[in-house]
Amino acid sequence: MATRLLRTALHDVLLDPCDTAAFRHVAEQAQRAAAVAVLESDQDGLAHWTLPDDVGLLLPLLAGARAAADLLSTPARTDVRACPAVDCGWLFLERRGRRRWCSMASCGNRAKVRAYAARQQPD
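Because the structure is a prediction, the values reported are computed rather than measured.

So, how was this worked out
- Residues numbered from 1 in each chain as written.
- Predicted model: local features only at pLDDT ≥ 70, side-chain atom pairs only at ≥ 80, totals over all residues.
- Heavy atoms only, no water.
- Core = buried A, V, L, I, M, F, W, Y, C linked by side-chain atoms within 4.5 Å.
- Buried < 20%, exposed > 50% of the residue type's maximum accessible area, 1.4 Å probe, protein only.
- Helix = DSSP H or I, 4+ residues; strand = E, 2+ residues; numbered from the N terminus.
- Contact = heavy atoms within 4.5 Å.
- Pairing = 2+ DSSP bridges.
- 1 Å grid on protein atoms, 1.4 Å probe; cavity = no way out; pocket = protein on both sides within 12 Å on 5 of 7 lines; lining within 4 Å.
- Points joined across faces, edges and corners; volume = space filled by probe spheres on them.
- Nonpolar A, V, L, I, M, F, W, Y, C, P; charged D, E, K, R; others polar.
- Arc of directions from axis to C-beta.
- Polar contact = N/O pair within 3.5 Å; in protein donor to acceptor, adjacent residues only side chain to side chain.

Chemist: Outline the nonpolar core, listing residues and values.
Modeler: Grouped together as the largest cluster of nonpolar side chains are twelve residues: L6, A9, L10, V13, L14, A22, V26, L61, A65, A68, L72 and V80. Within the residue set of this core, elements represented by two or more residues are α1 (2–15), α2 (20–36) and α3 (59–72). Setting aside chain neighbours within four positions, we find V26 in contact with L6, A9, L10, A68 and L72. In this structure, C83, F92, W101 and C102 belong to the second largest nonpolar core, which totals seven residues.

Chemist: Kindly report on the pairing of strand β2 (residues 47–50), identifying the contributing residues and their values.
Modeler: One ladder, built from four bridges, connects strand β1 (residues 38–41) with β2; its direction is antiparallel. When the bridges of β2 are listed, S41 appears paired with A47. Remark: five residues form the turn of the hairpin made by β1 and β2, two consecutive strands paired antiparallel; G45 in that turn has positive phi of roughly 85 degrees.

Chemist: Any chance you could break down the environment of M1 for me, citing the residues and the numbers?
Modeler: With respect to the helices, strands and loops of the structure, M1 is situated in the segment before α1. Along the chain, M1 and L61 lie 60 residues apart, while their C-alpha atoms are 9.8 Å from each other.

Chemist: Tell me about the layout of surface pockets, and name the residues and values.
Modeler: The space that makes up the largest pocket amounts to roughly 410 Å³. Around the largest pocket, the lining comprises 19 residues; the ones closest to its centre are R7, L10, H11, L14 and L91. With eight residues, the top contributor of residues to the lining of the largest pocket is α1. The residue inventory of the lining of the largest pocket, partitioned by class, reads twelve nonpolar, five polar and two charged. V13, L14, L15, P17, F23, L72, R77, T78, V80 and R81 together form the lining of the second largest pocket.

Chemist: Give a detailed account of helix α4 (residues 104–120), specifying residues and quantitative values.
Modeler: Turning to α4, its buried residues number three or more, namely C107, G108 and A111. Down the axis, α4 shows its buried residues gathered within 90 degrees of arc, on one side only. At the N-terminal end of α4, a side-chain oxygen is found 3.2 Å from the backbone nitrogen of A105, two or three residues along, and the residue is S103.

Structure, rendered in structure tokens:
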């Protein structure tokens, strides 16, 4: 349930950056993740934050909150778009300004088929 609430709040704040309630919820979960994160060093001596396995079933929630905070703290957050398909609701990163659908193989193809069928209808 908590993971779904985080997903919904992230969805809302990405589509409406002024949604302070949604941002607050994502920030609270991100702070929980930061509180348990451990700074570790890899083989090359590069440091990175990790979430310990001992958080148990909270690991997916905290990992999602951490990733959400990373996205919201970068300029890429403004590149997030919502798929315009009526029955979709997915978000995707659009960096080049040419992509319209979350996936051309599903939503884009269905939209093209519907448009083609509509054009074929006699007037």
